[in-house]
Amino acid sequence: MPLILPLIHFFNAGDGMLLSGKVSDQAMQNPQVLAALQDKIDSVSHSASIMDSLPKSVKRRVNALKNLQVNSTHIEAKFYKEVHELERKYSALYQPLFDKRRNIVSGEVEPTDEECEWQSDHEDEAALAEDLKKKAAIEEKKEDANEEKPKGVPEFWLTIFRSVDMLSDMLQEHDEPILKHLQDIKVIFSGPDQPMSFTLEFHFEPNEYFTNTVLTKVYKMKSEPDAEDPFSFEGPEIIDCDGCQIDWHKGKDVTVKTIKKKQKHKGRGTARVITKQVPNDSFFNFFNPIKVSPDKELDEDSEYTLATDFEIGHFFRERIVPRAVLYFTGEALEDDESSNSVFCDDEEEGDSKVSVNLDHN
Ligand SMILES: *[C@@H]1O[C@H](CO)[C@@H](O)[C@H](O)[C@H]1NC(C)=O
Ligand SMILES: *[C@@H]1O[C@H](CO)[C@@H](O)[C@H](O)[C@H]1NC(C)=O
């Protein structure tokens, strides 16, 4: 048991997964990328000079040690496969709680008084008894006067989108009314005989924007040491993702905008107005990610967009879905700040989460 604990902690911290991508020529002009490359070259030449200084017989044995190290990476890969299995197994235990959460959020189920007891409410009550009594009287009146009583927890997920920086960066004003219809986000792990992946499912109530009830995003992972560079293996990496088609109702697609363009007829000199659809900023572009292709290099912008996307997918899986209510109340945001969140750590370490793979092909 004591051996397992630090490892579990490792995963909770969200560090157990790397994100990889390819680097373009433009990225090679990026000082950070160049520095990473220089480090690599330095360490390679450093190890070369150590090896050179060794007697032949010792060098031979060090090579044997390195081969053992390669064997270790394969055992490590197996370890991560079992961790994935364990996560899959435990997700089944969490699921009934997540289902209950969804039912309360959507208003399908009204929790009992007992289920609504919360300890700190008592303390607050004692301290603010008088104040509360007055307030409660006013509140009750308000609710009575207000014909439309709130159903479930209105704007539960939208509130989370607004308060988590990484998500609010993507959120546009025109996305908000749509996300009011979001009722649940689920994480589904790939099965034991499938390539390692996880799927985010966004469940919507019927709405006037699109006909889908579920929007999906699949994150594919690689959990094998690279044959060419086995020592770089540090656990599962997200390597690719797939979105889904959104069947927008006519005129409701917020991911495109229609622009009018004047077009002159050369011969006659008359002008006519044509309309053209161009991409528009929207969270819903999340379901139409950039495709990684083995024979096409991504430019720097795409590289960055994809790395951010992978990071968001990871954050949904590790943080938001397991502890949604704490992001709704803001408690998880405080935790992230005070405990130096995965993201702060990353920025300091530079390469712990979004690793650029310079050795690609
Ligand atoms: C290391 O792996 C190689 C190749 O799979 C295998 O032949 C060898 O027996 C392994 N060595 C040990 C000590 O397990
Ligand atoms: C496109 O984006 C702009 C600015 O965010 C927004 O005002 C507009 O409503 C969007 N267009 C559509 C069709 O959603």
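Residues numbered from 1 in each chain as written. Chains lettered and ligands numbered in written order. Predicted model: local features only at pLDDT ≥ 70, side-chain atom pairs only at ≥ 80, totals over all residues. Heavy atoms only, no water.

Formally: UniProt positions are given in the numbering used here, feature names are shortened, and annotations may be inferred rather than shown by experiment.
Per an unreviewed UniProt entry, the protein goes by Nucleosome assembly protein 1-like 4b and derives from Cyprinus carpio. UniProt's Sequence similarities (unreviewed entry) comment on the protein is quoted here verbatim: "Belongs to the nucleosome assembly protein (NAP) family." Quoted verbatim from the Subcellular location (unreviewed entry) heading of the UniProt record, the comment on the protein is "Nucleus".

**With respect to the overall build of the protein**
To keep things clear, this is the line we draw: Segments assigned H or I by DSSP are reported as helices when at least four residues long, segments assigned E as strands when at least two residues long, and all are numbered from the N terminus. Burial classes follow relative accessibility: with a 1.4 Å probe on protein chains only, a residue under 20% of its type's maximum area counts as buried, one over 50% as exposed, and anything between as partly exposed. Residue burial considers only the protein chains on display, and all accessible areas are found by Shrake-Rupley using a 1.4 Å probe.
When its secondary structure is counted, the protein shows twelve helices and seven strands. The proportion of buried residues among the 361 residues of the protein is 33%. Counting every atom, the protein has about 23500 Å² of accessible surface; 53% of that belongs to carbon and sulfur.

**A look at the site of ligand 2**
This is how it is decided: The rule for a residue being near a molecule or strand is that one of its heavy atoms must lie within 4 Å of it. Any N or O atom pair separated by 3.5 Å or less is treated as a polar contact, with the protein-specific requirement of one donor-capable and one acceptor-capable atom, and with residues adjacent in sequence counted only for side-chain atom pairs. Gly is placed with the polar residues, together with every amino acid not listed as nonpolar (Ala, Val, Leu, Ile, Met, Phe, Trp, Tyr, Cys and Pro) or charged (Asp, Glu, Lys and Arg).
The full set of residues close to ligand 2 is Gln172, His174, Val254, Val256 and Asn280. Between Asn280 and ligand 2, the recorded distance is 2.5 Å, taken from a side-chain N or O atom to an oxygen atom. Surface burial for ligand 2 is 49%, taken as the share of its 360 Å² of free accessible area covered by protein chains. Looking at the shell around ligand 2, its residues break down into two nonpolar, three polar and no charged.

**A few points about the pairing of strand β6 (residues 256–264)**
To keep things clear, this is the line we draw: Pairing between strands requires that DSSP locate at least two bridges from one strand to the other.
Where β6 and strand β7 (residues 271–279) come together, nine bridges link them in antiparallel fashion. Pairing of Ile259 across the sheet is with Lys276, part of β7.

**Here we look at the nonpolar core**
What counts here: What we call a nonpolar core is a set of buried Ala, Val, Leu, Ile, Met, Phe, Trp, Tyr and Cys residues that are connected through their side-chain atoms within 4.5 Å. In this analysis, two residues are considered to be in contact whenever any of their non-hydrogen atoms come within 4.5 Å of each other.
The biggest cluster of nonpolar side chains holds 47 residues, and the ones touching the most others in it are Phe161, Phe202, Phe284, Phe286 and Phe316. It is helix α9 (residues 300–320) that provides the largest number of residues to this core, a total of six residues. Among all residues touching Phe286, those that are not within four sequence positions of it are Met170, Leu200, Phe202, Lys217, Tyr219, Asp309, Ile312 and Phe316.

**Here's the deal with the pairing of strand β4 (residues 214–222)**
Residues Leu215, Lys217, Tyr219 and Met221 point to one face of β4 and are all buried, whereas Val214, Thr216, Val218, Lys220 and Lys222, pointing to the other face, are not buried. Direction of pairing for strand β3 (residues 197–204) relative to β4: antiparallel, over a ladder of seven bridges. Note on β4: the bridge partner recorded for Glu201 is Thr216. Taken together, the five bridges between β4 and strand β5 (residues 237–242) define a ladder with antiparallel strand orientation. Paired with Met221 across the two strands is Ile238, which belongs to β5.

**Structural notes on the confidence of the model for the protein**
Fine structural detail should not be taken from predicted coordinates in areas where pLDDT scores are low. For clarity, the cut-off: Per residue, pLDDT measures the predictor's confidence, with a range of 0 to 100.
Averaged over all residues, the pLDDT of the protein is 82; the fraction at 70 or higher stands at 76%. Confidence drops under pLDDT 50 across residues 1–25; counting only partners more than four residues distant or on other chains, this segment forms 74 contacts. With pLDDT under 50 throughout, residues 340–361 is counted as low confidence; its partners more than four residues away or in other chains account for 46 contacts.

**Regarding the environment of Glu303**
Relative to the helices and strands, Glu303 is located in helix α9. The class for Glu303 is buried, based on a relative accessible area of 12%. Sequence separation of Glu303 and Ile290 is 13 residues, and the distance between their C-alpha atoms is 9.0 Å.

**Observations concerning the packing of aromatic side chains**
Two aromatic rings, taken as a pair, are described by how far apart their centres are and by the angle between their planes. Basically, it comes down to this: Centres within 6.5 Å are what make two rings of Phe, Tyr or Trp a pair, Trp counting through its six-membered ring; a difference in plane orientation under 30 degrees is then read as stacked, over 60 as edge-to-face, and the rest as tilted.
Taken as a whole and judged by the stated rule, the model has 25 aromatic pairs. Summarising the aromatic geometry, the rings of Phe204 and Phe284 are spaced 6.3 Å apart at their centres and angled 45° between planes, so their arrangement reads as tilted. On the criterion of sequence distance, the pair formed by Phe204 in strand β3 and Phe284 in the loop between β7 and α9 is long-range, its members being 80 residues apart. Taking 5.6 Å as the distance between ring centres and 80° as the angle between the ring planes, the aromatic pair formed by Trp248 and Phe284 counts as edge-to-face.

**Some points on unusual backbone geometry**
Phi at Glu155 takes a positive value of approximately 55°, unusual for a residue other than glycine. Position of Glu155 relative to the elements: it lies in the loop between α5 (129–145) and α6 (156–163). For Glu155, a relative accessible area of 28% gives the class partly exposed.

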